[in-house]
Amino acid sequence: MNGLYIHIPFCTKRCIYCDFYSTADSSALKAAYADCVCREMVARASYLPSRQLQTIYLGGGTPSQLQPEQLCQIFDTIFKTFDVDGNAEITLEANPDDLTPGYVRALHRLTPINRVSMGIQTFNDSLLQLLNRRHTAAQARKAVSLLQECGFENLSIDLIYGLPGQSLEQWADDVMQALSMKNLRHLSAYALSYEEGTPLWQLRKLGKVKEATDELSLSMYRLLMDKAQEAGFEHYEISNFARPGFTSRHNSSYWQDVPYLGIGAAAHSYDGCSRQWNKPDIKTYIQSRGGTLEPVFEREILTKEMKFNETLLKRLRTSEGLNLNDIERNFGARRMQTLLDAACKLQAKGLVSIDTETGYLRLTKSGIFVSDAIIRELFLDEET
């Protein structure tokens, strides 16, 4: 099982909170970029253990900034280069204002995309303007309806909570509007983070926006969990909720240590032993994949310790949890026992549960609220 991720770094304008690599000065580069993405796929197809793909994910940036013809070019190369499973999950990230009737019909008619993940963030127009989003709440609702009318049945939306000035009541309205959408299959919700170097970071530094308190963010998260459960959604990962059978298979593969190939400027790849990432510079990427420069990337070999900590970080984010038998098998009995000793102390505080019958370690509902601190506490700095 392998995944393919393609980074499309184009945006009409940047949101104030975003620190993903993207460019808003890009219209003349899209055709060249699509060409180079295709060249890189062909050149790096052997990176994966096999050419079989179970998931394909176009993320960004804003992949819906590409024309359907450019997406067709990319998919044509994918299907010529890889063995794509007939039941593969193929996701496109999109912004609501890109999803015009003509564009959506072309996506459905011309591409194999079977899942759309749409960044809505909030249904409050004032907060959308603050975030520098391009769409309105009405456009978001219209886009969801349009996708469904055109035959896209597997839809996911993103929301953000803890926005500057956002009240618990406003967040409750966002959650209820999302969950009341007809046939919505998946919901991702993230606490707003202030990343250094973003406009949002600078606004906070200047005192022009105020960060939500921990107490308010916690109340928002609790409300989200309760309402999603009431609506029949499974809370399968800290930030992700899905109808039964509609978990994000691509994102789940990251948490399950599945190899993936990352294509495009700033894209990351993982082969089970190392990570590799392209330089986050679109012009350098086009020059290198156009043949005028050597491809520019960095690579990191994962040590046993790094693999152990990453396994904890990824598995404990999921409702399935961490298999202690796998830890013993892959990292040794002494390391497993050290982990178990630390986990027992957290269990006494009600933050984790240890299922002795199945051998799984999981965060409790209380533990989810402080997951980062728990996982850091279980990390090991030295060989044990």
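Here the structure is shown first, and the text comes after it.
Residues numbered from 1 in each chain as written. Predicted model: local features only at pLDDT ≥ 70, side-chain atom pairs only at ≥ 80, totals over all residues. Heavy atoms only, no water.

Undergrad: Give me the lowdown on the pairing of strand S4 (residues 115–121), citing residues and values where you can.
TA: Looking along a regular strand, one sees the side chains alternate between the two faces of the sheet. With respect to burial, S4 is a largely interior element, seven of its seven residues being buried. Covered by surrounding structure in S4 are Arg 115, Ser 117, Gly 119 and Gln 121 together with Val 116, Met 118 and Ile 120, the residues of both alternating faces. Here four bridges tie strand S3 (residues 83–94) to S4, and the two strands are oriented parallel to one another. If you follow Glu 93 over to S4, its bridge partner there is Ser 117. (Buried < 20%, exposed > 50% of the residue type's maximum accessible area, 1.4 Å probe, protein only. Helix = DSSP H or I, 4+ residues; strand = E, 2+ residues; numbered from the N terminus. Pairing = 2+ DSSP bridges.)

Undergrad: Summarise the packing of helix H1 (residues 30–44) against helix H2 (residues 68–81); cite the residues concerned and give the values.
TA: Taken N-terminus to C-terminus, the directions of H1 and H2 make an angle of 5°; their axes are 10 Å apart at the nearest point. By the angle between their axes, H1 is roughly parallel relative to H2. Of H2, the residues touching H1 (which contributes Lys 30, Ala 31, Ala 34, Asp 35, Val 37, Cys 38, Met 41 and Val 42) are Gln 70, Gln 73, Ile 74, Thr 77, Ile 78 and Thr 81. Of the residues that constitute the contact of H1 with H2, the class distribution is eight nonpolar, four polar and two charged. (Axes fitted to C-alpha atoms, helices over the stretch in contact; angles between N-to-C directions. Parallel < 35°, antiparallel > 145°, perpendicular 65-115°, else oblique. Contact = heavy atoms within 4.5 Å. Nonpolar A, V, L, I, M, F, W, Y, C, P; charged D, E, K, R; others polar.)

Undergrad: Summarise the side chain of Thr 122; cite the residues concerned and give the values.
TA: For Thr 122, the position within the fold is in the loop between S4 and helix H4 (125–130). With a relative accessible area of 0%, Thr 122 lands in the buried category. From its side chain, Thr 122 meets the backbone nitrogen of Asn 124 in a polar contact 3.1 Å long. With sequence-adjacent residues up to four places away left out, Thr 122 is seen in contact with Leu 127, Leu 128, Leu 131, Leu 159, Leu 163 and Asp 174. (Polar contact = N/O pair within 3.5 Å; in protein donor to acceptor, adjacent residues only side chain to side chain.)

Undergrad: Got a sec to walk through the pattern of salt bridges? Specific residues and values, please.
TA: Following the criterion strictly, the structure yields 14 salt bridges and no others. With a shortest N-O distance of 2.9 Å, Arg 44 and Glu 40 are connected by a salt bridge. In this pair, Arg 44 and Glu 40 both sit in helix H1, four residues apart, roughly one turn of the helix. Each member of the pair, Arg 44 as well as Glu 40, is classed as buried. It is possible to trace a salt-bridge network through shared partners that takes in Glu 40, Arg 44 and Arg 289. (Salt bridge = Lys/Arg side-chain N within 4 Å of Asp/Glu carboxyl O.)

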